[in-house]
Amino acid sequence: MARTPYEGVFVVGAGQTVYQKRSDKTVHRVIWEALDAGLRSARLAQRDVQGLALTCFLLPPDNVTTVCEHFGIEARFLFQGLYGGASSIIGMLHAARAIRDGNADVVACVAADAFDVAAHNEMLDRFNGPMRDYLAPYGFGGANGVFALHTRLYMETFGARREDFGRLCVAQRANAGQNPNALLRTPMSLDDYLNARLIAEPLRLYDCVMPCVGGDAVILASEQVARRLGVPLVRIAGGGEMHNYPANDVYSLRGGWERIAPRMYEQAGCGPRDLAFAQLYDDYPVMEAIQLEGLGIAPRGKAHEWLRANDTTWRGTFPINTGGGQLSAGQAGASGGMIGVVEGVLQLRGEGGERQVKNAKRGIVAGYGLVAYGRGQSASAAVLERVD
Amino acid sequence: MTEKPTPRITAINKPFWDGCNQGRLMLQRCAAPECRKHVFYPRVCCPHCGHGALDWVEASGRGRILTYTEIHRPGHDAFLGEVPFLFIAVGLDEDPTIHSRLAGPAADNAGLIGRPVKVVFHQSTERQKLPFFALAG
């Protein structure tokens, strides 16, 4: 147990703003609302915050430092996520090491954005040099086009069917039905999924996330602070990040998780069989399949068979994205990398409400992001554990 | 009618985009004798060995389709009049992966993975041709 680099650091709060299809709120307000919700859950106040790990696509030209000025936070630790949907977990791990090393006692980890479809597409055409110069001029269809390529290749290489991805999406919609904060809560059948409007074949509407407005936050604290709060404690048992893996191989159908996993499980002293749930980064179902494989939950190239054999609803054999995930709760830009962390912490605290997973002692959260020339560049993951 | 997005031409990528306008598919090739790998997209150093000198060479223009999608909802309104079209990833014979479009109508698109293709140049905007690929053989 002593091997985790995050010993003596606890997640003491988790909060989420209301998710909205559109809103005239500025991102600063959404960030504040997420921070406030997290601090309430931790029984802390903004004056207790000594550090901020923040991810928000729409923040520039402002940044994490100007947000401190705006909010009046004197900070001894700052992190700004540049790794898209992998950022939130990476920021949390960096913050935990800063607390462990005594640089701060309380760090707020926040992700938030205020997107609609037009703003999302406009951002992706100029997301980075490779996308702007070598994808956008072809009318590539944004992230939908990129992940349609991976989905098609996964299906043809491993024999997966649309129904396999559909099972996952339908299960997440069922989970969202138990989450008052999710935007898409009307029940969805497999037929609804299979016959939805074509976006980028083989992807149809319900393979794609809905851009929206919202924010998520978790609060980390040192043991000294955490023990006096009187809130349920969650520890970071292990974790890691991996970027640009495998280098120079866009269509490997692999990701950084297979490099993160061995060390993460060793730190945590557990394996994939010891997990009560997984909160995966679900920008597209094919990436959940690749995460299941990279994290050792399903055999390589067989996630679709694993999905046929498992019920992934909150009360199923292996619950995935128990709050509905981005596919059903909505993707509030960078918040897509934090929504699963917040859901994981709520589950471990026993605050899952109607969707509470039984015996949720330990679970995994994963992040993914920063699409560049044909794939996401960054992967992250962490094992979270309830402290009894 | 909104205008199509265009690449930003820099000192690094100018030979590639000029080549397209001249009907030649140009690739970088690492100058290190022990490496000599081909590179796309244009870089300041070799992403295989880190060497800082890259030569420009004309590629064969041949490759195979790695994967494909039929786009129905483009990310940019300027392409709305062209849907559906096939967006593809091509593994060039020289090795690098390039994203492009399949030239011609998106009729029967089953079983495209692995099919050989050859580059053709498509006048995308007034100033810039783009490399598209057509089925070969």
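Reading the values: the criteria
- Residues numbered from 1 in each chain as written.
- Chains lettered and ligands numbered in written order.
- Predicted model: local features only at pLDDT ≥ 70, side-chain atom pairs only at ≥ 80, totals over all residues.
- Heavy atoms only, no water.
- Helix = DSSP H or I, 4+ residues; strand = E, 2+ residues; numbered from the N terminus.
- Rg over C-alpha atoms; globule rule 2.2 N^0.38 Å.
- Lys, Arg positive; Asp, Glu negative; His and termini not counted.
- Charge placed at Lys NZ, Arg CZ, Asp CG, Glu CD.
- Buried < 20%, exposed > 50% of the residue type's maximum accessible area, 1.4 Å probe, protein only.
- Contact = heavy atoms within 4.5 Å.
- Buried area = accessible area lost by both parts, 1.4 Å probe.
- Polar contact = N/O pair within 3.5 Å; in protein donor to acceptor, adjacent residues only side chain to side chain.
- Nonpolar A, V, L, I, M, F, W, Y, C, P; charged D, E, K, R; others polar.
- Pairing = 2+ DSSP bridges.
- Axes fitted to C-alpha atoms, helices over the stretch in contact; angles between N-to-C directions.
- Parallel < 35°, antiparallel > 145°, perpendicular 65-115°, else oblique.
- Core = buried A, V, L, I, M, F, W, Y, C linked by side-chain atoms within 4.5 Å.

## As for the overall build of chain B
Alright, step 1. Looking only at helices and strands, chain B features 1 helix and 8 strands.
Alright, step 2. Going from N to C terminus, chain B has its helices and strands arranged as α-β-β-β-β-β-β-β-β.
Alright, step 3. Taking 14 Å as the expected radius of gyration for a compact globule of 137 residues, we find that chain B reaches 16 Å, a close match to that expectation.
Alright, step 4. Considered along the principal axes of its C-alpha atoms, chain B spans approximately 45 × 35 × 25 Å.
Alright, step 5. When the 16 positive and 13 negative side-chain charges of chain B are each reduced to one mean point, those points stand 2 Å apart.

## Section: helix α14 (residues 339-348) of chain A
Alright, step 1. Burial within α14(A) is extensive, with 10 of its 10 residues counted as buried.
Alright, step 2. Among all positions in α14(A), only A:Ile339, A:Gly340, A:Val341, A:Val342, A:Glu343, A:Gly344, A:Val345, A:Leu346, A:Gln347 and A:Leu348 are buried.

## Side note on the interface of chain B and chain A
Alright, step 1. At the interface, 37 residues of chain B touch 30 residues of chain A.
Alright, step 2. Between chain B and chain A lies a buried interface of about 3000 Å² when both sides are counted; carbon and sulfur atoms form 60% of it.
Alright, step 3. The interface formed by chain B and chain A holds 12 residue pairs in polar contact (both at pLDDT 80 or more) in total.
Alright, step 4. At 6 residues, strand β4 (residues 62-71) of chain B tops the list of elements feeding residues into the side of chain B that touches chain A.
Alright, step 5. Broken down by class, the residue content of the side of chain B that touches chain A amounts to 21 nonpolar, 12 polar and 4 charged.
Alright, step 6. Of the strand pairs in this sheet, strand β5 (residues 198-201) of chain A and β4(B) are connected by 2 bridges, and their pairing is antiparallel. Each bridged residue has a counterpart across the sheet, and for A:Ala200 the counterpart in β4(B) is B:Ile71.

## Here's the deal with the packing of helix α6 (residues 142-158) of chain A against helix α11 (residues 285-294) of chain A
Residue and element names in this part refer to chain A.
Alright, step 1. Between α6 and α11, the shortest axis-to-axis distance is 9 Å and the interhelical angle comes to 60°. For the element pair α6 / α11, the angle class is oblique. Where α6 approaches α11, its residues Phe147, His150, Thr151 and Tyr154 are matched on the opposing element by Val286, Met287, Ala289, Ile290 and Glu293.
Alright, step 2. For the contact of α6 with α11, a count of residues per class yields 6 nonpolar, 2 polar and 1 charged.

## Some words on the sheet that holds strand β9 (residues 277-279) of chain A
Residue and element names in this part refer to chain A.
Alright, step 1. The 9 strands lie next to each other as β3-β2-β4-β7-β1-β8-β11-β10-β9, forming an open sheet whose pairing is mixed. If you trace the sheet from one side to the other, it starts and ends with β3 (77-80) and β9, each paired once. Averaged over all pairs of adjacent strands, the angle between their axes in this sheet comes to 25°, without regard to strand direction.
Alright, step 2. Where β9 meets strand β10 (residues 362-371), 3 bridges bridge the pair, whose relative direction is parallel. Directly across from Ala278, in β10, lies its bridge partner Ile364.

## Some points on the nonpolar core
Residue and element names in this part refer to chain A.
Alright, step 1. Core analysis: the biggest nonpolar cluster contains 95 residues, and Trp257 and Leu295 have the highest contact counts within it.
Alright, step 2. The greatest single-element share of this core, amounting to 8 residues, is contributed by α6.
Alright, step 3. Residues Val11, Leu220, Ala276 and Val341 belong to the second largest nonpolar core, which totals 37 residues.

## Points about the sheet that holds strand β3 (residues 54-58) of chain B
Residue and element names in this part refer to chain B.
Alright, step 1. Read across the sheet, 3 strands follow the order β2-β1-β3 without closing on themselves; strand pairing throughout is antiparallel. With one partner strand each, in any of the chains shown, β2 (38-39) and β3 form the two edges of the open sheet.
Alright, step 2. By the bridge criterion, 5 bridges tie strand β1 (residues 26-30) to β3 in an arrangement that is antiparallel. In the strand pairing of β3, Gln28 is matched with Trp56.

The values are spatial; any link to function lies outside them.
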